[in-house]
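What follows is each chain in one-letter form.
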Amino acid sequence: MSRVYPNRKLNTKVTNKRAMVKKMTSILPWLVVLSVIVAAALLGIFYDTNWAISLGTIGGILLTEAILGIVFKAYSRITFDVVQEMGPENAKATLRNVFTNLAVVAALLLTIDVTFLVESPDMDDGEEGLVHAYMAATIMSIILCLRGVLECVTNLLYTEGLTNHDCLRFLIGFPGSIGGPIMSVVLSVLCMAATVFVRMLILYSWAAAGSLAVGTATLILFFAVNIPQKSAFSVDRDSTGSQWWTWAENGSDIPKRLLGMYSDSQIAVIRKKATAAKELETLRQEILSRDKTNLFDFAAT
């Protein structure tokens, strides 16, 4: 006679349900983006072109966010970069500063977006399609700023009562906690750039708008090169990301990427500071190790 294990069946159902929820969560953003784009196409064909322009602009922004967040995993990667180099003893202070600064930046951008919305161009200034694209980009920028502020406030609320180690566990359990607000701010800035581009196109000319497009492309290229370099930084001396600073404390040759950035006198000062910092860090570790040993000895007695 076969034995029945009800707990095993219950665990199997719970596991299947979680897998289904996880699958739906990964599909839902794409469904939202696809729905907006399809709605834009249908309304543009059967009703009004302005609907297609407005919803098409929103759909393009949502598609960009979905590609960055889901395909390139920007949310979790940014959070991981912070967690990777963050000490557990100061996790709470780090999170508080990060969330507070992001909320302030998003709020400042929100004031600019509201100004764009209030001082929007009239329909008589240009084609209706461009004005609708301007309004859609402005509204999406406002929504992204609001989302960034509210997300930071929510994270501050749920981490305020946690200890340093619990804050680290919070980031591990919610890998988009830092990357989410940062991406909201970044996408809001891109929406603002699109808004200014359309405004210059309405009020001035393609040449004026083209100068902004070139400047924006240069800015995007700068951060596309700069951010991966900053992301590769590591405080672990055994990691390849530490080669950009370990030369200063171990007397090795300066990396080629830094050649020409420092003069000989500056290199001497940097080596002196880095060596002193390493000695202080070693002394601190020795004191902590000795105190821990004394505490264990006291507990044993």
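The structure under discussion appears in the preceding block.
Just so it is clear, the structure is predicted and the values come from calculations on it, not from any experiment.

Re the nonpolar core
Step number 1: Val83, Met86, Ala91, Leu95, Phe99, Leu102, Ala103, Cys152, Cys167, Leu168, Leu171 and Ile178 together form the largest nonpolar core, which totals 12 residues.
Step number 2: If you list the elements that add at least two residues to this core, you get helix H4 (91-118) and helix H6 (164-173).
Step number 3: Tallying contributions element by element places H4 first for this core, with five residues.
Step number 4: The next biggest cluster of nonpolar side chains, apart from the first, holds 11 residues, and it includes Val33, Val36, Ala40 and Ile61.

Quick notes on the packing of H4 against helix H5 (residues 128-159)
Step number 1: Contact pair H4 / H5: the axes reach a minimum separation of 8 Å and the direction vectors enclose 155 degrees. Comparing the axis directions of H4 and H5 gives the class roughly antiparallel. Crossing handedness for the pair H4 and H5: left-handed.
Step number 2: Tallied by class, residues from the contact of H4 with H5 come to 20 nonpolar, five polar and three charged.

Focus on the pattern of salt bridges
Step number 1: Per the counting criterion, the structure on display carries five salt bridges.
Step number 2: Two residues, Glu65 and Arg147, come together in a salt bridge whose shortest N-O distance is 2.7 Å. Within this pair, whereas Glu65 is found in helix H2 (residues 49-71), its partner Arg147 is found in helix H5, the two being separated by 82 residues in sequence.
Step number 3: On the accessibility criterion, Arg147 (30% relative accessible area) is partly exposed.

Here is what the cut-offs are and how they apply
Residues numbered from 1 in each chain as written. Predicted model: local features only at pLDDT ≥ 70, side-chain atom pairs only at ≥ 80, totals over all residues. Heavy atoms only, no water. Core = buried A, V, L, I, M, F, W, Y, C linked by side-chain atoms within 4.5 Å. Buried < 20%, exposed > 50% of the residue type's maximum accessible area, 1.4 Å probe, protein only. Helix = DSSP H or I, 4+ residues; strand = E, 2+ residues; numbered from the N terminus. Axes fitted to C-alpha atoms, helices over the stretch in contact; angles between N-to-C directions. Parallel < 35°, antiparallel > 145°, perpendicular 65-115°, else oblique. Left-handed = near helix turned anticlockwise from the far one by under 90°. Nonpolar A, V, L, I, M, F, W, Y, C, P; charged D, E, K, R; others polar. Salt bridge = Lys/Arg side-chain N within 4 Å of Asp/Glu carboxyl O.

So yeah, pure geometry; function would need other evidence.
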